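In case you want the letters, here they are:
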Amino acid sequence: MKKMNRREFLKKMAAASAVTAAAGLSPEISFAGWSPLKVLPGQVKWKKTPCRFCGVGCGLLVGIAKGRAVAVKGDPASPVNRGLCCVKGYHSIQALYGKDRLTYAWVRKNGKLVKTPIQEALNIIARKMQETIQSHGKDSVAMYGSGQWTIPDGYVASKFMKGAIGTNNIEANARLCMASAVTGFMTSFGADEPMGCYEDIDHADVFIIWGNNMAEMHPVLFSRLLEKRAKNPNVKIIDLSTRTTRTSIASDKSILFKPQTDLAIANAICHEIVKNGRVNSTFLQKHCSFKKGKTQIGYGLEDKFKFQDSPEDSSFEEYKSFLEDYAPEKAEKLTGVSAEEIRFLASLYGDPARKVMSLWCMGMNQHTRGTWVNNLVYNIHLLVGKISTPGNSPFSLTGQPSACGTVREVGTLTNRLPHGVVTDEGARKLAAEIWKVPVERIPAKPTFHTVEMFRALDRGEIRFMWIQVSNPMVSMPNLRRYRDGAKKEGRFIVVSDVYPTPTTDIADVILPSAMWIEREGMFGNSERRTQHFEKMIDPPGQAMSDTWQIIEVARRMGFKELFPWDEKTHIEQIWNEYTRFHANSKHALASYDELKKSTGVIWPYVNGKETKWRYNPKFDPAAKQGDGFDFYGTTNHRACIWLRPFEPAAESPNEAFPFWLNTGRVLEHWHTGSLTRRIPILHRAVPKSYVELHPQDAKRLGIKNGNRVKLTSRRGSLALSASVNKKGRPAEGQVFVPFFDEDYLINELTLDAYCPISAQPDYKKCAVRVESV
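Residues numbered from 1 in each chain as written. Predicted model: local features only at pLDDT ≥ 70, side-chain atom pairs only at ≥ 80, totals over all residues. Heavy atoms only, no water.

**Points about the packing of helix H5 (residues 179–189) against helix H16 (residues 370–384)**
Here is step 1: Where H5 meets H16, the closest approach of the two axes is 8 Å, and the angle between their N-to-C directions is 45°. Overall, the two elements H5 and H16 adopt an arrangement that is oblique. You can see that H5 and H16 cross each other, and the crossing is right-handed. Mapping the contact onto sequence places Ser180, Ala181, Thr183, Gly184, Phe185, Thr187, Ser188 and Phe189 in H5 and Gly370, Thr371, Asn374, Asn375, Tyr378 and Leu382 in H16. (Axes fitted to C-alpha atoms, helices over the stretch in contact; angles between N-to-C directions. Helix = DSSP H or I, 4+ residues; strand = E, 2+ residues; numbered from the N terminus. Parallel < 35°, antiparallel > 145°, perpendicular 65-115°, else oblique. Left-handed = near helix turned anticlockwise from the far one by under 90°. Contact = heavy atoms within 4.5 Å.)

In structure tokens:
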């Protein structure tokens with residue numbers, strides 16, 4: 001197999017998406033033919049922004065002329081993408097100009113949505129919130145946001161719900177994609193987010209990708225892996241997956257495993273590291289402790305499911321005994337991965353001469369044991385001491401532009417505050433001091449995580465929900481229940497968005513939102529990089545930023561003193577207030593002025609310097625000097641190695657439903673497709689959803705490429721076209737369906753089981769029947 005360099009890879013990916021070189025396959029200017037304006041290059045003013053279609057945080061330069069965005073190119077000054085973009089980035093500005101863009105508010109009157117002035121709609125929202133609180137209590141109202149919220153959006157939303165109203169009923173769709181990454185970091189290191197950065201790619205010798213089709217989901221970042229290998233033929237890329245993808249094809253080795261068994265693979269790798277004397281004993285003794293928790297912990301399928309882990313101290317001796325159940329030959333029977341391949345993986349991690357990066361995203365996080373499998377991959381790195389140094393990095397990637405910066409750092413989840421958790425009295429006191437509210441107003445107990453929030457809406461415990469920058473009526477698992485619940489009598493739904501979606505279809509009030517560069521904001525990407533972007537163009541009609549929508553409603557409800565900022569400079573004022581929460585060497589953030597003049601700044605940002613590798617005193621000013629490493633997030637300053645066993649999925653194939661169903665994304669579309677399906681070239685490339693089958697399964701069932709296929713789970717059925725030996729190929733007994741297409745709601749079939757520790761649902765594993773139609 002020919003190995004591609006970075007630019008060749010991006011060209012191949014774009015060509016496969018029916019995108020031509022003229023559409024931006026080099027860091028040259030691409031003037032979009034869709035623009036109605038005739039613009040000369042000299043009339044264009046270029047402005048920097050992070051891309052809004054991924055969590056990587058690629059830097060873009062957007063060309064502005066005559067009040068419109070007319071062109072895009074990669075920002076060569078950005079250390080993230082170094083001037084290159086993927087097909088979504090190169091066409092991103094077209095998402096601003098769909099013909100059905102929401103430009104006015106709509107209010108449901110007598111069962112029909114009626115165009116309404118936005119000030120009147122804001123009055124209705126404030127009045128309805130107040131009436132609901134008066135009749136049903138403050139926990140009867142809720143807000144559901146997004147990893148696409150800017151940092152100011154999320155900060156104002158959290159302050160509004162927790163500090164003004166006094167309810168922890170705030171969640172974000174990052175619960176569906178990154179919650180297990182958070183709980184994995186917190187349980188292993190006592191602090192969230194990666195210890196390394198993208199620069200690790202430049203130093204690593206081996207890249208092991210766990211259940212992530214990185215070539216399509218993070219193509220620019222994957223191109224940096226290819227570039228590193230092109231410069232050094234000894235570099236290895238290993239793809240661990242349940243499905244053959246473009247990542248598999250571009251890798252040096254592809255290893256397929258049975259769904260859910262990544263838990264056993266990680267333990268088997270650790271078994272071999274210990275057995276063969278590859279443990280970094282000095283690192284282990286100085287910097288690690290051993291823990292075990294509850295097992296057989298359930299799947300969250302019952303309403304009001306509760307789980308609380310009970311960590312206990314363990315030991316290296318007990319850990320070695322635990323690993324005996326995962327000897328390679330035993331693990332082979334469970335996982336489908338040969339003992340030889342397990343030993344090969346262990347040899348890569350265990351070789352002291354090789355620097356290793358592990359990379360993952362939804363495959364490990366959307367998992368009923370998502371926290372556990374994150375812990376287990378950290379175990380591998382801790383055993384060999386390959387962590388917090390350039391090129392040695394376990395790295396959890398994100399899929400939204402500010403899942404880290406907004407949801408995880410600001411804390412727009414029921415259990416979080418901008419600097420800690422609601423159960424911590426000290427964290428509540430600090431929030432009360434900065435917000436200037438009584439500490440008693442901030443509740444000490446979390447309420448509903450995302451799945452339980454929508455269950456509470458169905459049950460009637462929540463009566464009012466405001467949804468911003470998210471499309472849960474496409475993205476929620478076991479979708480039919482939650483859509484029906486939202487439509488019940490006595491529910492009031494507000495949706496802020498830029499286009500009509502299945503979620504606006506169920507709304508009582510729709511607010512038109514300003515999108516991305518139509519307002520100022522900040523995103524926070526996967527490598528702890530905070531990125532500022534200015535307002536470049538005016539939003540259409542009466543569209544308003546999500547931040548200002550919340551402020552307007554809060555003021556109408558009597559909270560003006562908590563939101564005193566003026567519309568012109570409110571982003572700077574919000575940033576200055578928010579950064580007070582992180583005024584310490586462990587999470588210090590750059591100033592507003594520093595962000596404005598940079599392409600992004602990695603935190604902790606101390607004395608004018610980024611911290612690229614945390615917990616290592618050579619790079620991290622928060623780490624104590626003199627003892628090698630300082631995992632200061634934990635009380636004993638040691639990282640935790642967890643004894644976490646394999647446990648099966650919540651639902652597995654049987655005679656009635658003999659196939660695994662796996663869902664996910666494609667290169668050309670992003671999440672639920674509400675933006676990318678309105679970009680003509682991306683929509684033409686992949687106009688509708690499909691189901692991938694293995695060729696042998698298709699032959700046995702008499703299914704040919706393009707035939708109609710019916711999928712049936714215990715929750716519903718869906719008919720769509722077959723894809724055989726096209727973009728991806730599942731293993732036998734498995735099917736894959738992307739979820740970008742609102743005309744084919746695959747989440748009506750998925751299961752709302754979740755990791756009991758993180759409450760993140762598993763979209764990768766449920767059982768279906770496959771029939772030719």
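Read on for the rest.
**Things to note about the pairing of strand S4 (residues 68–74)**
Here is step 1: Across the seven residues of S4, six count as buried, placing the element largely inside the fold.
Here is step 2: Looking at chain direction, strand S3 (residues 59–65) and S4 are connected through six bridges and run antiparallel. Of the residues in S4, the one forming a bridge with Gly63 is Ala71. (Buried < 20%, exposed > 50% of the residue type's maximum accessible area, 1.4 Å probe, protein only. Pairing = 2+ DSSP bridges.)

**Some points on the packing of aromatic side chains**
Here is step 1: This model, assessed by the stated rule, comprises 29 aromatic pairs.
Here is step 2: On the numbers, 6.2 Å between centres and 15° between planes, the contact of Phe189 with Tyr615 is stacked. Of this pair, Phe189 sits in helix H5 while Tyr615 sits in the loop between strand S26 (609–610) and strand S27 (639–643), placing them 426 residues apart in sequence.
Here is step 3: Judged by its relative accessible area of 0%, Tyr615 is buried.
Here is step 4: These aromatic residues form a ring-pair network of at least three members: Phe185, Phe189, Phe283, Trp360, Tyr378, Tyr615, Phe629, Phe631 and Tyr632.
Here is step 5: A cation over a ring is seen here: Arg68 above Tyr97, with NZ or CZ 3.9 Å from the ring centre.
Here is step 6: Its end group placed over the ring of Phe563, Lys159 keeps NZ or CZ at 5.4 Å from the ring centre. (Phe/Tyr/Trp six-rings, centres within 6.5 Å; stacked < 30°, edge-to-face > 60°. Lys NZ or Arg CZ within 6 Å of the ring centre and 35° of its normal.)

**Quick notes on the pairing of strand S21 (residues 509–512)**
Here is step 1: The alternating pattern of S21 places Val509 and Leu511 on one face and Ile510 and Pro512 on the opposite face, and all of these are buried.
Here is step 2: Both strand S5 (residues 105–109) and S21 contribute to a ladder of two bridges, which runs antiparallel. Each bridged residue has a counterpart across the sheet, and for Val107 the counterpart in S21 is Val509.
Here is step 3: Pairing of strand S20 (residues 492–497) with S21 involves four bridges; the strand directions are parallel. Across the sheet, the residue bridging to Ser496 is Leu511, located in S21.

**Overview of the pattern of salt bridges**
Here is step 1: Within the structure shown, the criterion is met by 50 salt bridges.
Here is step 2: Notably, a salt bridge pairs Arg455 with Asp752, separated by 3.3 Å at the nearest N-O pair. In this pair, Arg455 sits in helix H19 (residues 450–459) while Asp752 sits in the loop between strand S33 (734–738) and strand S34 (766–772), placing the two residues 297 residues apart along the sequence.
Here is step 3: With relative accessibility at 0%, the residue Arg455 sits in the buried group.
Here is step 4: For Asp752, a relative accessible area of 5% gives the class buried.
Here is step 5: Between Arg481 and Asp458 there is a salt bridge whose closest N-O contact spans 2.8 Å. Of the two residues, Arg481 is situated in helix H21 (residues 479–486) and Asp458 in helix H19; the sequence distance between them amounts to 23 residues.
Here is step 6: Bridged by salt links that share partners, the residues Asp303, Lys304, Glu452, Arg455, Asp458, Arg459, Glu461, Arg481, Lys488 and Asp752 form one connected network. (Salt bridge = Lys/Arg side-chain N within 4 Å of Asp/Glu carboxyl O.)

**Brief notes about the domain arrangement of the protein**
Here is step 1: Domains assigned within the protein are domain 1 (44–96), domain 2 (105–177 + 402–517 + 537–564), domain 3 (196–297 + 315–398 + 633–643) and domain 4 (659–750).
Here is step 2: In this structure, domain 3 and domain 4 have C-alpha centres spaced 29 Å apart.
Here is step 3: Opposite the nine residues of domain 3 that make contact, domain 4 presents 14 residues.
Here is step 4: In terms of surface lost to domain 4, no three residues of domain 3 exceed Met217, Arg243 and Pro259, which account for 45% of the buried area on that side.
Here is step 5: A salt bridge links Lys727 to Glu216; its shortest N-O distance comes to 3.3 Å.
Here is step 6: Taken together, the links from domain 3 to domain 4 amount to four residue pairs in polar contact (both at pLDDT 80 or more).
Here is step 7: Secondary structure elements with two or more residues in the side of domain 3 that touches domain 4: helix H7 (214–217) and strand S11 (243–244).
Here is step 8: Residues that form the side of domain 3 that touches domain 4 fall into these classes: three nonpolar, three polar and three charged. (Domains from an automatic or database assignment. Buried area = accessible area lost by both parts, 1.4 Å probe. Polar contact = N/O pair within 3.5 Å; in protein donor to acceptor, adjacent residues only side chain to side chain. Nonpolar A, V, L, I, M, F, W, Y, C, P; charged D, E, K, R; others polar.)

**Concerning the packing of helix H3 (residues 118–136) against helix H22 (residues 546–556)**
Here is step 1: With their axes 9 Å apart at the nearest point, H3 and H22 run at an angle of 55° to one another. The angle between the axes of H3 and H22 places the two elements in the oblique class. Considering the relative orientation of H3 and H22, their crossing is right-handed. Taken together, the residues of H22 that come into contact with H3 (itself represented by Gln119, Leu122, Asn123, Ile125, Ala126, Met129 and Gln130) are Gln549, Glu552, Val553 and Arg556.
Here is step 2: A breakdown of the residues in the contact of H3 with H22 according to their chemical character gives five nonpolar, four polar and two charged.

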